[in-house]
Amino acid sequence: KFVAASLLKNGSTTQLGRELTSRRSSHTNVDRNLADIEEENSLVPSSFPWVPTESQINTLKVVQLRAVCAERGLIRTGKKAELHQRLLLWANIEGRKRVKDRLMGLKDLIETSKSKGGSSTLDNLEYDVDALTNKRKALRKEKRRGGSNEKGILGLVDESYFSNTTSSSIETLIGEDEDEAYDEAEDYDGGSIVDEASISQLSKTFNAPASTYSNREVREMYIEAKALDQEGDREKSKEVLRKLREATPHDMRVVRRLARMEQEDGNISAARGLLQRALRGEPGNAHLLQGLGQLERQAGNDATAMNHFRQAIKANPSFANPYHALGTLEHTHGNIKAALAVIKDGLRKCPQNHRLHHALGDVYLDANMLDFAEESYLEGLQHGPEWSKAFFYTSLSFVSYAKGQVQESRTLLRQSLEINGGMHAQGVIALAQLEESEGNIHAAREVYRDAISRYERRRRKRSPFRSKSPGEEDMFDSPSLVDEDGKQYSRSYSGDKWVNVFKSWARMEEIHGTYETAHIVFSKAARLFPNSMNLLIQWADLQSDHGEDEKGRLLYEAACHRAGDGSAKPFQALAEFEMKRRNFVKAQSILYRGAQCAASSNGIADGKNGLARLFHTWGVCEYHLGNESKAQQLLEDALRVTGPGEADSTMRSLILYSMARLEVLRGEHLLAQHCIGLSLKENLFPGGNSLIWKLWAEIAEKMENKVLEKRCKEQALLRWEEERGGTVSDLSRLLGARGSDSSSRLPERTGSVMKDMFRKTPWSSKVCHTSGRMDRVWYQGANLWKL
């Protein structure tokens, strides 16, 4: 098969690859005699250095690699990639030993200068200027060669740092998950001459530190911040990062890390403030612009995020991350052409960036250009680090599935879980959902169970659980759920995506299992992710759907307590829960609390639409309580806080529809007709939906306009029949509205509701059943009038 053959060419370890490799190796003689080894040695160029660079290693063939490894006492068996990696690792260690020796020699020379005391003694000392010049050149060469890998704050790495198992690089310690990259070391002027005066000045430099903190202290702070984060003590981790910010004021990655942690804790305004203050000091910093774009994207402000990504690209065209972020965001909105343009532009600037190759493959996959997608994934597989192979194997499994090769897809997914100890959440979800789509529910459940067991063992090693596991009565104990500190639970580390595995498992149990099994999965997830607001809301939805109102109410309250910096989502969910039970007074109080939460912060975590939806729900609630004037004021407030862009048109359409409903009830039919016309214009779909036309027919009936009433009823029936087709019919209506200009990008109002349709597994439509409507948010708000 083509995929398997291609993977074999790229060093894959699939079953087919192992069989072919074993057949090839069976024809070779394992026991090589001395003459063979000498013959291999003769193939190595005489100019090949004892400690080679990576580019020099890349020029060697397999036979030469084996000979070089044998000369240096290394294991000489294995494939070319293994030999290459083994020799490169040895070269890095030897190189760092040399740097350490040279640095110690330089320090000894300076100490000698100090101990002799004064310039008069310097005149009597004889220095080997050539040797010292060579030392400085070696240090600069090591700094350039090290690039962004495993270098300390000053670009000097000792052997203890290289062999430290806690982390292999500052980038790993700061935990940016490849969202940050180190700037390349600047070239140093190699034409300078070292004389006695420069030695004296160098001595002063070594004895007058430029910072309050030494290089070792800074490194230790990085390690401490990462360790505290992994142990779940996020507050102390942020405290160390703030101290590190003072120690390295020009390291904007520390700002990015602090902002990301604040964002994950729900403090959107604090995260935004950190990045904006840093940007005022360095307005052209691409890393800060990238971080601000990611923050706005998470907050739902996609248009603002795209603008920041474009600014980051303009500020630093060789920085790959904003190309990736902008390209994937365009892809998510359905703008395939724009996504391809951005990603290909990034690859021209950064041709070996594996993330861009992966993103390009994703675009080709959604465009059903399977051969191009496979080629992009295989190209990225060659350039990416070891941990990235799990993502490429997972994506290659999508290609195989799209080609009808289900077993090949399953094999690739299982191979992705063999990397990094199985800690690949995306691969776990993909494999489990593949089994579920094929009807193998038991196999899917086993995939989830085995993966979660591995994850829990890893969490215990990093941050032990409390000795007593909470039971049913503990999980629904109000103090334990609402406690902000949550010290009785083991907290997840920054960037942990495994909560999605639990959500996927719980979804499957709701469909194919029972209420009890889904409840058990949610309870296990809540112990591991006690601060996940969305997880608590989904758990509350489960309780509500099965008549467990008290448990659902408690979980909604816990989600409100975890809302953080201005998120209106849990308050709205709890208010609608009470409104459906006709507890409008309770709902009114909850909505007031939600508005206070949003007003107490400078920003809202779920964007402007979050606050607009809250005001809209509040307005409908006031109408049910008989406060029509208050309802009108809240609907106007909702319209006022809604964004002006095309992406917010769906929310404006809903608010205008509700205004029309309110005016009909007040007898203001002309004003109601005006509002319904505006709602129709702002609606997601050309021609509106059935509810809008039904309301207009009602208005026409009250105005005794029989002709208009008939036409509106006809349109309502037509739209109702179109809506019965579900998402496919909705998509056809949207794409059909583009007309002859089919090459243009999709409108923002379209892209904002198409996010759930792109960058999904090929089998997701079989297992993740949606509501059947692309404008389900609109209908959820409109149906509040029927309570």
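None of the values given here were measured: they were computed from a predicted structure.

**What to know about the overall build of the chain**
Moving on, step 1. On a plain count of helices and strands, the chain comes out with 43 helices and zero strands.
Moving on, step 2. Sequence separation of at least 24 residues holds for 63% of the intrachain contacts in the chain that already meet a minimum separation of 6.
Moving on, step 3. Accessible surface for the chain amounts to roughly 37700 Å². Of this, 50% is attributable to carbon and sulfur atoms.

**A look at the confidence of the model for the chain**
Moving on, step 1. Across the chain, pLDDT averages 75, with 68% of residues at or above 70.
Moving on, step 2. A low-confidence stretch, residues 1-35 stays under pLDDT 50, and its non-local contacts, those more than four residues away or across chains, total 35 contacts.
Moving on, step 3. A low-confidence stretch, residues 737-744 (pLDDT under 50), is modelled with six contacts involving residues beyond four sequence positions or located in other chains.

**Section: the packing of aromatic side chains**
Moving on, step 1. Using the criterion set out here, one finds 17 aromatic pairs in the structure.
Moving on, step 2. Ring centres of Y455 and F529 lie 6.1 Å apart, and the angle between their planes is 10 degrees; this geometry places the pair in the stacked category. Of the two residues, Y455 is situated in helix α25 (residues 441-462) and F529 in the loop between α29 (515-528) and α30 (533-545); the sequence distance between them amounts to 74 residues.
Moving on, step 3. A relative accessible area of 1% means that Y455 is categorised as buried.
Moving on, step 4. The exposure class assigned to F529 is buried, which follows from its relative accessible area of 5%.
Moving on, step 5. Taken together, the ring pairs connect Y455, W498, F502 and F529 into an aromatic cluster.
Moving on, step 6. The ring of F529 carries R459 above its face, with NZ or CZ at 5.7 Å from the centroid.
Moving on, step 7. A cation over an aromatic ring shows up here: K630 above the ring of W618, its NZ or CZ 5.6 Å from the ring centre.

**Comments concerning unusual backbone geometry**
Moving on, step 1. Residue N420 is not a glycine yet carries a positive backbone phi of 60 degrees.
Moving on, step 2. In this structure, N420 sits in the loop between α23 (406-416) and α24 (425-437).
Moving on, step 3. Its relative accessible area of 45% is what places N420 among the partly exposed residues.
Moving on, step 4. Positive phi is not limited to glycine here, since R582 has a value of about 60 degrees.
Moving on, step 5. Along the chain, the position of R582 falls in the loop between α32 (569-580) and α33 (584-599).

**Some remarks on the environment of A225**
Moving on, step 1. Relative to the helices and strands, A225 resides in helix α12 (residues 215-230).
Moving on, step 2. Overall, the relative accessible area of 4% leaves A225 in the buried class.
Moving on, step 3. On a C-alpha basis, the gap between A225 and S237 in space is 4.6 Å, while along the polypeptide they are twelve residues apart.
Moving on, step 4. Not counting chain neighbours up to four residues away, the residues in contact with A225 comprise S237, V240 and L241.

**With respect to the side chain of E436**
Moving on, step 1. Position of E436 relative to the elements: it lies in helix α24.
Moving on, step 2. Judged by relative accessible area, E436 falls into the buried class, the value being 5%.
Moving on, step 3. If near-sequence neighbours (up to four positions away) are discounted, E436 is found in contact with I441, A444, R507, M508, H512 and V767.

**Points about the environment of R355**
Moving on, step 1. Checked against the element boundaries, R355 lands in helix α20 (residues 354-366).
Moving on, step 2. Each C-alpha atom of the pair R355 and Y377 lies 9.7 Å from the other, and the pair is 22 residues apart in sequence.

**Details of the packing of α12 against helix α13 (residues 234-247)**
Moving on, step 1. Contact geometry of α12 with α13 gives a least axis separation of 8 Å together with a crossing angle of 160 degrees. Classed by the angle they form, the pair α12 and α13 counts as roughly antiparallel. The element α12 and its partner α13 pack so that their crossing is left-handed. Here V218, M221, Y222, E224, A225, L228 and D229 of α12 come into contact with α13, specifically with R234, K236, S237, V240, L241, K243, L244 and A247.

**Considerations on a negative patch on the surface**
Moving on, step 1. A contiguous patch of negative charge on the surface is contributed by E217, E220, E224 and E239.
Moving on, step 2. Among the elements that make up the negative patch, the one with the highest residue count is α12 (three residues).
Moving on, step 3. Relative to the helices and strands, E239 is located in helix α13.

**Observations regarding the pattern of salt bridges**
Moving on, step 1. Using the criterion set out here, one finds 26 salt bridges in the structure.
Moving on, step 2. Of the charged contacts in the structure, one is a salt bridge between E386 and K389, with a shortest N-O distance of 3.2 Å.
Moving on, step 3. A salt bridge links E578 to R553; the shortest N-O distance between them is 2.6 Å. Of this pair, E578 sits in helix α32 while R553 sits in helix α31 (residues 549-561), and the two are 25 residues apart along the sequence.
Moving on, step 4. For E578, a relative accessible area of 2% puts it in the buried group.
Moving on, step 5. The exposure class assigned to R553 is buried, which follows from its relative accessible area of 15%.
Moving on, step 6. Taken together, the shared-partner salt bridges connect E235, K238, R242 and E262 into one network.

**A closer look at α24**
Moving on, step 1. With 13 residues, α24 should cover 18 Å at 1.5 Å per step; its first-to-last C-alpha distance of 18 Å lies within 8% of that length.
Moving on, step 2. By the criterion of burial, α24 is predominantly enclosed, with twelve of the 13 residues buried.
Moving on, step 3. Following α24 by one or two positions, G439 adopts a phi angle in the positive range, close to 85 degrees.

**So, the packing of helix α18 (residues 320-332) against helix α19 (residues 336-349)**
Moving on, step 1. Running from N to C, α18 and α19 cross one another at 165 degrees; their axes reach a closest spacing of 7 Å. Taken together, the axes of α18 and α19 lie roughly antiparallel to each other. Note on packing geometry: the crossing formed by α18 with α19 is left-handed. Contacts between α18 and α19 involve Y323, L326, G327, E330 and H331 on the former and, on the latter, I336, A338, A339, V342, I343, D345, G346 and K349.

**So, helix α39 (residues 706-723)**
Moving on, step 1. Relative to the 26 Å expected for 18 residues at 1.5 Å per residue, α39 spans 26 Å between its end C-alpha atoms, a close match to the ideal helical length.
Moving on, step 2. Within the span of α39, buried status applies to E709, C712, A716, R719 and E723. One side of α39 carries all its buried residues, which in axial view fall inside an arc of 95 degrees. Among the exposed residues of α39, those pointing more than 90 degrees away from its buried face are K706, V707, K710 and R711.

**What to know about the side chain of H357**
Moving on, step 1. As for its position among the elements, H357 is in helix α20.
Moving on, step 2. A polar contact is formed between the side chain of H357 and the backbone oxygen of P351, at a distance of 2.9 Å.
Moving on, step 3. Excluding its chain neighbours within four sequence positions, the residues that come into contact with H357 are L347, P351, S376, E379, G380 and H383.

**Regarding the state of the cysteines**
Moving on, step 1. Using the criterion set out here, one finds zero disulfides in the structure.
Moving on, step 2. Note on C597: no disulfide assigned, nearest cysteine sulfur contributed by C560 at a separation of 8.6 Å.
Moving on, step 3. C597 sits in the buried class, given a relative accessible area of 15%.

Conventions used here
Residues numbered from 1 in each chain as written. Predicted model: local features only at pLDDT ≥ 70, side-chain atom pairs only at ≥ 80, totals over all residues. Heavy atoms only, no water. Helix = DSSP H or I, 4+ residues; strand = E, 2+ residues; numbered from the N terminus. Contact = heavy atoms within 4.5 Å. Areas by Shrake-Rupley, 256 points an atom, 1.4 Å probe, with all protein chains shown as cover. pLDDT = per-residue confidence, 0-100. Phe/Tyr/Trp six-rings, centres within 6.5 Å; stacked < 30°, edge-to-face > 60°. Buried < 20%, exposed > 50% of the residue type's maximum accessible area, 1.4 Å probe, protein only. Lys NZ or Arg CZ within 6 Å of the ring centre and 35° of its normal. Axes fitted to C-alpha atoms, helices over the stretch in contact; angles between N-to-C directions. Parallel < 35°, antiparallel > 145°, perpendicular 65-115°, else oblique. Left-handed = near helix turned anticlockwise from the far one by under 90°. Patch = residues over 30% accessible without salt bridge, like charges linked within 9 Å, V, L, I, M, F, W, Y side chains within 5 Å. Salt bridge = Lys/Arg side-chain N within 4 Å of Asp/Glu carboxyl O. Lys, Arg positive; Asp, Glu negative; His and termini not counted. Charge placed at Lys NZ, Arg CZ, Asp CG, Glu CD. Expected span 1.5 Å × (residues − 1). Arc of directions from axis to C-beta. Polar contact = N/O pair within 3.5 Å; in protein donor to acceptor, adjacent residues only side chain to side chain. Disulfide = S-S within 2.5 Å.

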